[in-house]
Amino acid sequence: MTELLNSVSAYFQQLPWLELVAMVLSIAYVILAAKGSRWCWPAAFISTALYTVIFYDVLLLMDSALNAYYLLMAVYGYWQWSKQSDQSQNESSQLTIVSWQLSWHIKVCAALALLAMGLGYLMDNYSPAHFPYLDTFTTVYAVFATYLVANKVLENWLYWIVIDLASIYLYLEKGLIPTTVLFIVFVIVAGYGYHKWLKLYQKSSTNLQPSAIANTR
């Protein structure tokens, strides 16, 4: 028992604290996003800045580039949600969650798959990247899913469930244990987020104006 405790203690002493800080802030981001709080974006900004460095260090180059993109989206997301929040306060109504048609998602997914295959080929043949195809696929779809979050599209959570499940394998293979645990939490929170946003969407959809309904595609 003493040997086991010493082993566990040694493991936690050797954990990269930068990764742990990024992990905690990332959990804060998804929980706040699921609750519809615009303060998710400052947490996302700091955590993604840290992960940009972490992933570059282990040669997950597409993930590193993805987190640099997240930095920009954190600024855009905060601005977008703040603008909607101000409008909703003036109109005494909730922020609007929208849903896009399945046919539209199918077309986008097909286009993203072709893009990911092309980028994956380039990463595989012209860079030292590890797991170039899987890393590229999760990156390409995460870019799109982040755009959906910023625009409060209900289906973003379904994308994240698939992306996070694939990422768990990727990070296990790279030995990023705290990040692996983080993405397990992400899967759970994504399920919660979809359930919560679905209820809000069903509650608010009957109050949408015709112009708003048209914009849900």
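Residues numbered from 1 in each chain as written. Predicted model: local features only at pLDDT ≥ 70, side-chain atom pairs only at ≥ 80, totals over all residues. Heavy atoms only, no water.

Caption draft 1: Layout of a nonpolar patch on the surface. On the surface, Phe-45, Ile-46 and Val-75 cluster together into a nonpolar patch covering about 270 Å² of accessible area. If you trace the backbone, Val-75 turns up in helix α4 (residues 61-91). (Patch = residues over 30% accessible without salt bridge, like charges linked within 9 Å, V, L, I, M, F, W, Y side chains within 5 Å. Areas by Shrake-Rupley, 256 points an atom, 1.4 Å probe, with all protein chains shown as cover. Salt bridge = Lys/Arg side-chain N within 4 Å of Asp/Glu carboxyl O. Helix = DSSP H or I, 4+ residues; strand = E, 2+ residues; numbered from the N terminus.)

Caption draft 2: A look at the environment of Ile-177. Looking at the secondary structure, you find Ile-177 in helix α8 (residues 177-204). Residues Ile-177 and Leu-20, 157 residues apart in the sequence, show an inter-C-alpha distance of 9.8 Å.

Caption draft 3: Local environment of helix α3 (residues 40-57). Here α3 contains 18 residues, and its C-alpha end-to-end distance of 26 Å stays within 8% of the 26 Å for a straight helix at 1.5 Å per residue. Taken together, the buried positions of α3 are Cys-40, Trp-41, Ala-43, Ala-44, Ser-47, Thr-48, Leu-50, Tyr-51, Thr-52, Ile-54 and Phe-55. Of the residues trailing α3, Leu-59 is marked for its positive phi of about 65°. (Expected span 1.5 Å × (residues − 1). Buried < 20%, exposed > 50% of the residue type's maximum accessible area, 1.4 Å probe, protein only.)

Caption draft 4: Looking closely at the environment of Tyr-29. You can see Tyr-29 is positioned in helix α2 (residues 17-34). The spacing of Tyr-29 and Ser-47 is 18 residues in sequence and 8.6 Å in space, taken between C-alpha atoms. If sequence neighbours within four positions are ignored, Tyr-29 has contacts with Cys-40, Trp-41, Ala-43, Ala-44 and Val-149. (Contact = heavy atoms within 4.5 Å.)

Caption draft 5: Looking closely at the packing of α2 against α8. At a closest axis distance of 9 Å, the pairing of α2 and α8 adopts a crossing angle of 5°. As judged from the angle between their axes, α2 and α8 are roughly parallel. Seen from α2, the contacting residues are Glu-19, Leu-20, Met-23, Ser-26, Ile-27, Val-30, Ile-31, Ala-33 and Ala-34; seen from α8, they are Ile-177, Pro-178, Thr-179, Leu-182, Val-185, Phe-186, Val-189, Tyr-192, Gly-193, Lys-196 and Trp-197. Taken together, the residues that form the contact of α2 with α8 break down as 15 nonpolar, three polar and two charged. (Axes fitted to C-alpha atoms, helices over the stretch in contact; angles between N-to-C directions. Parallel < 35°, antiparallel > 145°, perpendicular 65-115°, else oblique. Nonpolar A, V, L, I, M, F, W, Y, C, P; charged D, E, K, R; others polar.)

Caption draft 6: Representation of the side chain of Ser-47 in the model. With respect to the helices and strands, the residue Ser-47 is situated in helix α3. Of the polar contacts made by the side chain of Ser-47, one reaches the backbone oxygen of Ala-44; its length is 3.1 Å. Sequence-distant contacts of Ser-47, that is, excluding residues within four places in its chain, are made with Ala-22, Leu-25 and Ser-26. (Polar contact = N/O pair within 3.5 Å; in protein donor to acceptor, adjacent residues only side chain to side chain.)

Caption draft 7: Layout of the packing of helix α5 (residues 102-126) against helix α6 (residues 132-150). Two elements in contact, α5 and α6, have axes whose closest approach is 8 Å; the angle formed by their N-to-C orientations is 140°. In terms of axis orientation, α5 runs oblique to α6. Here α5 and α6 pass one another in a crossing that is right-handed. Counted by class, the contact of α5 with α6 contains 18 nonpolar, three polar and one charged residues. (Left-handed = near helix turned anticlockwise from the far one by under 90°.)

Caption draft 8: Inspection of the confidence of the model for the protein at higher detail. In this model, the protein carries an average pLDDT of 82, and 82% of its residues clear a pLDDT of 70 or more. Across residues 208-217, confidence stays below pLDDT 50; counting only partners more than four residues off in sequence or on other chains, it has 10 contacts. (pLDDT = per-residue confidence, 0-100.)

Caption draft 9: Representation of the nonpolar core within the structure. One finds Tyr-29, Trp-41 and Trp-160 to be the most contacted residues of the largest nonpolar core, which totals 53 residues. Those elements that provide at least two residues to this core are α2, α3, α4, α5, α6, α7 (156-173) and α8. Those residues in contact with Trp-160 that sit more than four places away from it in its chain are Tyr-70, Ala-142, Ala-145, Thr-146, Val-149 and Ala-190. (Core = buried A, V, L, I, M, F, W, Y, C linked by side-chain atoms within 4.5 Å.)

Caption draft 10: Molecular detail of α2. Taking 1.5 Å of rise per residue, 18 residues should cover 26 Å, and α2 covers 26 Å from first to last C-alpha, within 8% of that figure. Turning to α2, its buried residues number three or more, namely Glu-19, Leu-20, Ala-22, Met-23, Ser-26, Tyr-29, Val-30, Ala-33 and Ala-34. Looking one or two residues past α2, Gly-36 carries a phi angle of roughly 80°, positive in sign.

Caption draft 11: Seen up close, the packing of aromatic side chains. For the structure on display, the rule yields 16 aromatic pairs. With centroids separated by 5.6 Å and ring planes inclined at 85°, the aromatic side chains of Trp-41 and Trp-81 adopt a geometry described as edge-to-face. Of the two residues, Trp-41 sits in helix α3 while Trp-81 sits in helix α4, which places them 40 residues apart along the sequence. Accessibility assignment for this pair places Trp-41 and Trp-81 in one class, buried. Ring plane angle 45° and centroid distance 6.2 Å describe the contact between Tyr-69 and Tyr-70, whose orientation is recorded as tilted. Given a relative accessible area of 22%, Tyr-69 falls into the partly exposed group. (Phe/Tyr/Trp six-rings, centres within 6.5 Å; stacked < 30°, edge-to-face > 60°.)

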